[in-house]
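The chain contents come next:
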Amino acid sequence: AYGSAGDDGVNWDIWLKIVGEPEARRLTTDPARETDPSWCPDGTQIAFRRLVSGSARIYLVSPLGGPARQLSDFPARSRASWSPDGRWLATSKDRSGGDPPGGIHLISVASGEPRALTSPKAPAFDVNPAFSPDGRALAYAACEGTEGNPVCDVSVLPLDSELRPRGAARRLTRQRLWNWGAAWTRDGRSIVYSADGLWRVRADGSTPPERVELVQGARPSTAGGRDRLAFVRSDWEPDLYRLELGGSSTLIIESAFSDFHPQSSPDGRRIAFQSGRAGGGGTDIWVCDADGSNPTRLTRGPGRIQGWPGWSPDGRSIVFDSKAENG
């Protein structure tokens with residue numbers, strides 16, 4: 001199950017595709033934006049988020065089709081994760097009215113009532129929960145900073161048989177990167193998460209994270225009964241082109257990450273640009289020859305985001321904007 005705007009790109013709905021078959025079936029048709037589907041453990045329901053009036057609510061729909069049912073009025077910020085027994089959905093609290101985003105909550109599938117699991121103090125907030133296969137732990141991203149540009153790390157909260165916190169959460173990473181989602185491996189020993197690429201970390205924190213795939217915005221999902229990983233590969237990787245007036249464009253600067261905001265030097269012999277090619281979730285100022293050769297990194301801070309370069313009239317200096325981790 002996945003969210004898609006379809007071939008026309010007009011409206012996001014929930015779609016279903018049998019692995020290995022060419023055709024896909026559209027499950028929802030509401031004009032509101034619908035994304036982030038999550039399968040019930042027994043395969044009879046799919047939870048998803050529907051965005052209405054700027055805030056998302058969780059709905060349930062059968063994979064066989066039919067009308068969707070709103071589960072709760074709770075403002076859900078991220079994809080929901082089902083408890084192994086199918087009785088609860090874990091999701092993060094979105095901004096609502098004058099309240100800032102909050103922590104991870106459990107929503108009862110029977111009643112739709114929410115119950116808080118984590119309670120971070122603003123400006124901190126928690127997102128992207130994922131139940132372990134046995135239901136005795138919950139992984140999530142603990143974030144701080146501005147909502148649009150937070151820094152996050154993966155934490156694991158131990159749970160008792162009633163899905164209540166059993167001790168304090170354990171922090172597994174110290175990368176301080178925006179998190180797009182997490183999923184457990186089938187044996188419950190590791191967590192795959194998306195943060196400036198796909199990473200895997202041991203759930204007990206015994207080893208440092210290791211990179212699995214160099215992709216952006218991956219949003220991982222694992223198959224519970226098989227050792228299979230699915231993820232989204234973002235195609236938003238802008239590169240830089242030279243356009244001859246009255247002619248065609250030529251690719252001059254390319255990388256696996258985003259390259260943008262180019263500025264030619266006054267003599268036209270060099271180009272300064274902003275790029276995330278160094279990794280780490282931020283961007284720096286780079287400079288290269290006019291044909292794209294000899295790229296050289298100029299900055300390593302002071303902030304997390306260095307961008308919007310501009311040349312001095314004599315071409316000897318470059319001014320740029322720097323954005324700290326907290327915005």
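Here the structure is shown first, and the text comes after it.
Fair warning: this is a prediction, and the values are worked out from it, not measured in the lab. (Residues numbered from 1 in each chain as written. Predicted model: local features only at pLDDT ≥ 70, side-chain atom pairs only at ≥ 80, totals over all residues. Heavy atoms only, no water.)

Participant: It is not clear to me how the overall build of the chain should be interpreted in this structure. Could you clarify?
Facilitator: Helix and strand counts for the chain come out as zero helices and 29 strands. The C-alpha atoms of the chain give 22 Å as radius of gyration, which agrees with the globular expectation for 327 residues (20 Å, within 12%). Expressed along its principal axes, the backbone C-alpha trace of the chain runs to roughly 70 × 45 × 40 Å. Going through the 327 residues of the chain one by one, you find that 46% of them count as buried. (Helix = DSSP H or I, 4+ residues; strand = E, 2+ residues; numbered from the N terminus. Rg over C-alpha atoms; globule rule 2.2 N^0.38 Å. Buried < 20%, exposed > 50% of the residue type's maximum accessible area, 1.4 Å probe, protein only.)

Participant: Hey, could you run me through the state of the cysteines in this one?
Facilitator: Should the sulfur atoms of two cysteines be covalently bonded, the bond is a disulfide. Counting across every chain of the model gives one disulfide. With a sulfur-sulfur separation of 2.1 Å, Cys-143 is cross-linked through a disulfide to Cys-152. Since a negative S-S torsion denotes a left-handed disulfide, the Cys-143-Cys-152 link at about 105° is right-handed. According to the relative accessible area criterion, Cys-152 is buried, its value standing at 3%. (Disulfide = S-S within 2.5 Å.)

Participant: I would appreciate a short explanation of the sheet that holds strand E14 (residues 151–158) in the present structure.
Facilitator: Backbone hydrogen bonds are what pair the strands of a sheet, in a parallel or an antiparallel way. Within the open sheet, the four strands sit side by side as E12-E13-E14-E15. Their pairing is antiparallel. Each edge of the sheet is formed by a strand with only one pairing partner; in this case those strands are strand E12 (125–131) and strand E15 (170–171). As judged from the five bridges shared by E12 and strand E13 (residues 137–144), these two strands associate in the antiparallel manner. Residue Val-127 lies in a different strand from E13, and its bridge partner there is Ala-141. (Pairing = 2+ DSSP bridges.)

Participant: Just to check I follow, could you spell out the pairing of strand E24 (residues 259–264) for this structure?
Facilitator: Side-chain positions along a regular strand alternate between the two faces of the sheet. Pairing geometry for E24 and strand E25 (residues 270–275), over four bridges, is antiparallel. In the strand pairing of E25, Phe-260 is matched with Gln-274. Counting the residues between successive antiparallel strands, the hairpin from E24 to E25 contains five residues, one of them, Gly-268, with a positive phi of roughly 75°.

Participant: What should I look at first to understand the pairing of strand E9 (residues 88–92) in this one?
Facilitator: With respect to burial, E9 is a largely interior element, five of its five residues being buried. The alternating pattern of E9 places Trp-88, Ala-90 and Ser-92 on one face and Leu-89 and Thr-91 on the opposite face, and all of these are buried. Of the pairings in the sheet, the one linking strand E8 (residues 81–82) to E9 comprises two bridges and is antiparallel in character. Counted as the bridge partner of Ser-81 is Ala-90 from E9. Taking the residues between adjacent antiparallel strands as the criterion, E8 and E9 are bridged by five residues, where Gly-86 takes a positive phi near 75°. Pairing analysis gives five bridges linking E9 to strand E10 (residues 104–108), with the strands arranged antiparallel. Pairing of Trp-88 across the sheet is with Ser-108, part of E10.

Participant: I'm lost on the side chain of Asp-284 in this one. Help?
Facilitator: Relative to the helices and strands, Asp-284 is located in strand E26 (residues 284–289). Since its relative accessible area comes to 7%, Asp-284 is described here as buried. Ignoring anything within four residues of it in the chain, the contact list for Asp-284 reads Phe-273, Gln-274, Ser-275, Arg-297, Thr-299, Arg-300, Gly-301 and Gln-306. (Contact = heavy atoms within 4.5 Å.)

Participant: Explain the environment of Ser-119 here, please?
Facilitator: On the secondary structure map, Ser-119 appears in the loop between strand E11 (114–116) and E12. By relative accessible area, Ser-119 is classed as exposed at 65%. Between the C-alpha atoms of Ser-119 and Ile-104, which are 15 residues apart in sequence, the distance is 7.5 Å.

Participant: I'm lost on the sheet that holds E11 in this one. Help?
Facilitator: Across the sheet, which stays open at both edges, the four strands sit in the order E8-E9-E10-E11 with antiparallel pairing between neighbours. Looking at the sheet topology across the chains shown, the edges are occupied by E8 and E11.

Participant: It is not clear to me how the side chain of Ser-92 should be interpreted in this structure. Could you clarify?
Facilitator: Within the fold, Ser-92 resides in strand E9. Looking at Ser-92, the relative accessible area reads 0%, which means it is buried. Apart from residues lying up to four places away in sequence, Ser-92 is in contact with Phe-74, Pro-75, Ala-76, Arg-77, Ser-78, Gly-103, Ile-104, Asp-126, Val-127, Asn-128 and Pro-129.

Participant: Teacher, can you tell me more about the nonpolar core here?
Facilitator: Grouped burial of nonpolar side chains is what soluble globular proteins tend to show. Counting 15 residues, the largest nonpolar core has Val-156, Leu-172, Trp-184, Ile-191 and Tyr-193 as its most contacted members. For this core, the secondary-structure elements that each account for two or more residues are E13, E14, strand E16 (181–184), strand E17 (190–194) and strand E18 (198–202). Setting aside anything within four residues of it in sequence, one finds Leu-172 in contact with Val-154, Ser-155, Val-156, Ile-191, Val-201, Arg-202, Ala-203, Asp-204 and Gly-205. Ile-58, Phe-74, Ala-76 and Val-109 belong to the second largest nonpolar core, which has 12 residues in total. (Core = buried A, V, L, I, M, F, W, Y, C linked by side-chain atoms within 4.5 Å.)

Participant: Is there a simple way to explain the packing of aromatic side chains in this structure?
Facilitator: The description of an aromatic ring pair uses the distance of the two centres, along with the angle that the planes make with each other. For the structure shown, the criterion picks out two aromatic pairs. Ring centres 6.2 Å apart and planes at 70° place the aromatic pair Trp-178 and Trp-180 in the edge-to-face group. Among the residues examined, Trp-180 registers a relative accessible area of 32% and is labelled partly exposed. In this structure, Arg-50 packs its charged tip against the face of Tyr-59, placed 4.1 Å from the ring centre. A cation over an aromatic ring shows up here: Arg-115 above the ring of Trp-88, its NZ or CZ 4.9 Å from the ring centre. (Phe/Tyr/Trp six-rings, centres within 6.5 Å; stacked < 30°, edge-to-face > 60°. Lys NZ or Arg CZ within 6 Å of the ring centre and 35° of its normal.)

Participant: Mind showing me how you'd approach the environment of Ser-38 here?
Facilitator: Here Ser-38 shows up in strand E4 (residues 33–39). Through-space distance from the C-alpha of Ser-38 to that of Ser-221 is 9.3 Å; in sequence the pair is 183 residues apart. Once residues within four sequence positions are removed from consideration, Ser-38 is found in contact with Gln-45, Ile-46, Ala-47, Arg-79, Ala-80, Ser-81 and Trp-82. A polar contact of 2.9 Å, which involves the side chain of Ser-38, links it to the backbone oxygen of Ala-80. (Polar contact = N/O pair within 3.5 Å; in protein donor to acceptor, adjacent residues only side chain to side chain.)

Shape is all these values report; function is a separate question.
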